Amino acid sequence: MDSTVELPMKMARPGSWLRIKSWLTPLIVPLLLLLGWHAGVKVSGTQLIPLPKEVGLMLYDFAFGGIYDDAFSETLPLHLWKSVTRVYGGFFAAALVGIPLGLLIGRIKLIRDLLDPTLQLLRPVPVTAWLPLSMIFFGIGPNAAIFLVFLGAFYPIVFNTIFGVKAVDNRLFEAALMLGCSGSSLFRQVVLPAAIPSILNGLRLGHGFAWILIVVGEMTGVPEGLGAVIMDGRMLSRTDLVIAGMVVIGIVGYATDRVLVAINNRLLKWSPQHHV
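Worth saying up front: this structure is predicted, and the values here are computed from it rather than measured.

## Some thoughts on the nonpolar core
For soluble globular proteins, nonpolar side chains are generally found buried alongside one another.
Part 1 of the argument: One finds Ile157 and Leu203 to be the most contacted residues of the largest nonpolar core, which totals 52 residues.
Part 2 of the argument: Contributing elements (two or more residues each) for this core: helix 2 (52-64), helix 3 (76-107), helix 6 (142-166), helix 8 (184-217), helix 9 (226-235) and helix 10 (239-267).
Part 3 of the argument: In this view, Ile157 contacts Phe91, Ala94, Ala95, Gly98, Ile99, Gly202, Leu203 and Gly206; residues no more than four positions away in its chain are not counted.

Here it is as structure tokens:
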């Protein structure tokens, strides 16, 4: 009787350990970085870089207040909301323009010949180079930030969409034509499904660039936003505030990327090799 009870318990232990390991493994490198950061500041004796504990206090005060009671205390929800609206304003605009444009360029040779050289010419231009022009076009405010985020997200989306369309196997077209599929239905039933993995990959890359470029976008003189907080921290020599803003962007960017991964895996559940 005892052996029959103990056997399932023993069999359950490896599974439980694997679940714990799956949670602990991603934390190893961040913990090592924190330890190295703490040790580096202590050994060097520098006053320019705060200890991790000091950044933690700044994050708490930034979110809840009660420690420093300065202009940044308890303002995280406001700044985060402003940045989120700009990031996703630019990102969704880039997706709405980039995906249809990529589908057309990838499928229709005339449009590809007309537009691809211009896109290839503009793609190497750094988004930061557009900063002065964005302020001229849109003035000082959130629209300039949204435009810069749009530019950063647009190119990965459009070029991955083009690649996905051009990579469709010709045998799929032949099989579809033999089954009587042609015209718009051919595009809808063959091209779009085959290009979805590349489109989703482009969306994920564009989403990452959108969060990267929000700091540049909020250098255009906007008063609120995580990028504006980082710029204020730099001007005030508040390194703890700068790092706190960076940490928030990293955490929010990672969390929203996990949402995109979940959507990717959901849409591509028929294709295990494309799961992330």
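## Remarks on the packing of aromatic side chains
Part 1 of the argument: Taken as a whole and judged by the stated rule, the model has 11 aromatic pairs.
Part 2 of the argument: With 6.4 Å between their ring centres and 85° between their planes, Phe137 and Phe138 make a pair best called edge-to-face.
Part 3 of the argument: Here Phe137 falls in the exposed class, since its relative accessible area comes to 52%.
Part 4 of the argument: Phe138 sits in the partly exposed class, given a relative accessible area of 40%.
Part 5 of the argument: Between Phe154 and Tyr155 the ring centres are 5.3 Å apart and the planes differ by 70°, which places this aromatic pair in the edge-to-face class.
Part 6 of the argument: Its relative accessible area of 7% is what places Phe154 among the buried residues.
Part 7 of the argument: In this structure an aromatic cluster arises from ring pairing among Tyr88, Phe91, Phe92 and Trp211.

## Some words on the layout of surface pockets
Part 1 of the argument: Roughly 310 Å³ of volume is contained in the largest pocket.
Part 2 of the argument: Elements that contribute at least two residues to the lining of the largest pocket include exactly helix 1 (2-44), helix 2 and helix 10.

## Considering the side chain of Thr161
Part 1 of the argument: Tracing the chain through its elements places Thr161 in helix 6.
Part 2 of the argument: Within polar-contact distance, the side chain of Thr161 engages the backbone oxygen of Ile157 at 2.7 Å.
Part 3 of the argument: Residue contacts for Thr161: discarding those within four places in its chain leaves Gly98, Ile99, Gly102, Leu103 and Ile199.

## A short note on the packing of helix 3 against helix 6
Part 1 of the argument: Direction vectors running N to C along helix 3 and helix 6 enclose 30°, while the axes themselves pass 6 Å from each other. Here helix 3 lies roughly parallel to helix 6, going by the angle between them. Read as a crossing pair, helix 3 and helix 6 show a hand that is right-handed.
Part 2 of the argument: Of the residues belonging to the contact of helix 3 with helix 6, the class tally is 21 nonpolar, 6 polar and 3 charged.

## Focus: helix 9
Part 1 of the argument: Among the 10 residues of helix 9, 7 are classified as buried, and the element is accordingly described as predominantly covered.
Part 2 of the argument: Note on helix 9: the residue one or two positions beyond its end, Ser237, has a positive phi of about 60°.

Cut-off values and rules
- Residues numbered from 1 in each chain as written.
- Predicted model: local features only at pLDDT ≥ 70, side-chain atom pairs only at ≥ 80, totals over all residues.
- Heavy atoms only, no water.
- Core = buried A, V, L, I, M, F, W, Y, C linked by side-chain atoms within 4.5 Å.
- Buried < 20%, exposed > 50% of the residue type's maximum accessible area, 1.4 Å probe, protein only.
- Helix = DSSP H or I, 4+ residues; strand = E, 2+ residues; numbered from the N terminus.
- Contact = heavy atoms within 4.5 Å.
- Phe/Tyr/Trp six-rings, centres within 6.5 Å; stacked < 30°, edge-to-face > 60°.
- 1 Å grid on protein atoms, 1.4 Å probe; cavity = no way out; pocket = protein on both sides within 12 Å on 5 of 7 lines; lining within 4 Å.
- Points joined across faces, edges and corners; volume = space filled by probe spheres on them.
- Polar contact = N/O pair within 3.5 Å; in protein donor to acceptor, adjacent residues only side chain to side chain.
- Axes fitted to C-alpha atoms, helices over the stretch in contact; angles between N-to-C directions.
- Parallel < 35°, antiparallel > 145°, perpendicular 65-115°, else oblique.
- Left-handed = near helix turned anticlockwise from the far one by under 90°.
- Nonpolar A, V, L, I, M, F, W, Y, C, P; charged D, E, K, R; others polar.

Purely spatial values, then, with no claim about function.
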